[in-house]
Amino acid sequence: MKVAVASSDGIVINQHFGRADTFYIYEILQTGKIRFLEKRKGRPFCHSGEHEEQDLLDSVELLADCDKVLVLQLGRGAERALIARKVEPVATRGFIEEVLAEYQESG
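Starting afresh in each chain, residues are numbered from 1 along the sequence in its written order. Where local features are concerned, this predicted model is filtered to residues with pLDDT of at least 70; where side-chain atom pairs are given and counted, the filter is 80 or more; whole-chain, interface and lining totals use all residues. Where side-chain values are given, they derive from all heavy atoms of the structure, hydrogens and water being excluded.

Student: In this structure, what is going on with the environment of Tyr 26? I would like to understand it.
Tutor: Along the chain, the position of Tyr 26 falls in strand β3 (residues 22-28). Expressed as a C-alpha distance, the spacing of Tyr 26 and Leu 100, which sit 74 residues apart in the sequence, is 8.6 Å. Here, two residues are considered to be in contact whenever any of their heavy atoms come within 4.5 Å of each other. Tyr 26 has contacts with Met 1, Lys 2, Val 3, Val 5, Gly 10, Ile 34, Arg 35, Phe 36, Leu 37, Ile 96 and Leu 100, leaving out every residue within four places of it along the chain. Helix and strand definitions follow DSSP, with helices as H or I runs of at least four residues and strands as E runs of at least two, each counted in order from the N terminus.

The structure is reproduced here in structure tokens:
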């Protein structure tokens, strides 16, 4: 399973999907091991609730190869766009390693 995480520091999940400029990409292997793959630079598109639709779609496309995206918050439009690309949006918070370990344990 490939998971994208919206984080400003690579330590905690602390970014709104539309305001995130960095996504940390992890892979949870079938063996249960968690592996960091890469850091992807996005372009924040949400400005006080307003955004251009193409900018939102570009952000979704950046993560289209992921199974889940962990964010602090996201809007309904982003949620629908991610689901349409078969990416499960998860609004959560916490330390990245701890949250990923929960997914690792749940299989």
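Student: Would you take a moment to explain the sheet that holds β3 for this structure?
Tutor: For two strands to pair, DSSP has to find at least two bridges joining them. With respect to topology, five strands assemble into an open sheet ordered β4-β3-β1-β5-β6, the strand pairing being mixed. Of all strands in the sheet, those with a lone pairing partner are β4 (34-41) and β6 (88-91), marking the two edges. If you compare each strand with its neighbour and ignore which way they point, the axes differ by 25° on average. Bridge count for strand β5 (residues 68-71) against β6 is four bridges, and the pairing is parallel. The axes are straight lines fitted to the C-alpha atoms, using for helices just the contacting stretch, and the angles between their N-to-C directions are given from 0 to 180°.

Student: Where do I start with unusual backbone geometry in this structure?
Tutor: When glycine is set aside, most residues are seen to have a negative phi, and most peptide bonds are trans. Located in the positive-phi region is Lys 86, a residue other than glycine, with phi close to 65°. Position of Lys 86 relative to the elements: it lies in the loop between α2 (76-84) and β6.

Student: Explain the nonpolar core to me, please; I cannot follow it from the model alone.
Tutor: Across soluble globular proteins, you tend to see nonpolar side chains buried next to one another. In terms of nonpolar packing, the biggest core is built from 18 residues, with Phe 17, Phe 23, Leu 63 and Val 69 touching the most fellow members. Residue assignment for this core shows that the elements contributing at least two residues are β1 (2-6), β3, α1 (53-62), β5 and α2. With three residues, the top contributor of residues to this core is α2. Each residue touching Val 69, except ones within four places of it in the same chain, is listed here: Ala 4, Phe 17, Phe 23, Leu 63, Leu 82, Val 87, Glu 88, Pro 89 and Val 90. Buried residues of nine kinds, namely Ala, Val, Leu, Ile, Met, Phe, Trp, Tyr and Cys, make up a nonpolar core once their side-chain atoms join them within 4.5 Å. For every residue, the accessible area (1.4 Å probe, protein chains only) is compared with the maximum for its type, and the residue is labelled buried under 20%, exposed over 50%, or partly exposed between those bounds.

Student: Help me understand the packing of aromatic side chains in this model?
Tutor: To describe a pair of aromatic rings, you give the distance between the ring centres and the angle between the ring planes. Between rings of Phe, Tyr and Trp, where Trp is taken as its six-membered ring, a pair exists when centres lie within 6.5 Å; planes separated by under 30 degrees are stacked, by over 60 edge-to-face, and by other angles tilted. Per the counting criterion, the structure on display carries four aromatic pairs. Residues Phe 17 and Phe 45 carry aromatic rings whose centres are separated by 5.9 Å and whose planes lie at 70° to one another, so their mutual orientation is edge-to-face. Pair noted here: Phe 17 is in the loop between β2 (12-13) and β3 and Phe 45 is in the loop between β4 and α1, with a separation of 28 residues, a long-range link. An identical accessibility class is assigned to Phe 17 and Phe 45; each is buried. Note on Tyr 26 and Phe 36: the rings are 5.4 Å apart at their centroids and 65° apart in plane angle, and the pair reads as edge-to-face. Of this pair, Tyr 26 sits in strand β3 while Phe 36 sits in strand β4, and the two are 10 residues apart along the sequence. Residue classification places Phe 36 among the partly exposed residues on the basis of a relative accessible area of 44%. Aromatic rings pair up to connect Phe 17, Phe 23 and Phe 45 into one cluster.

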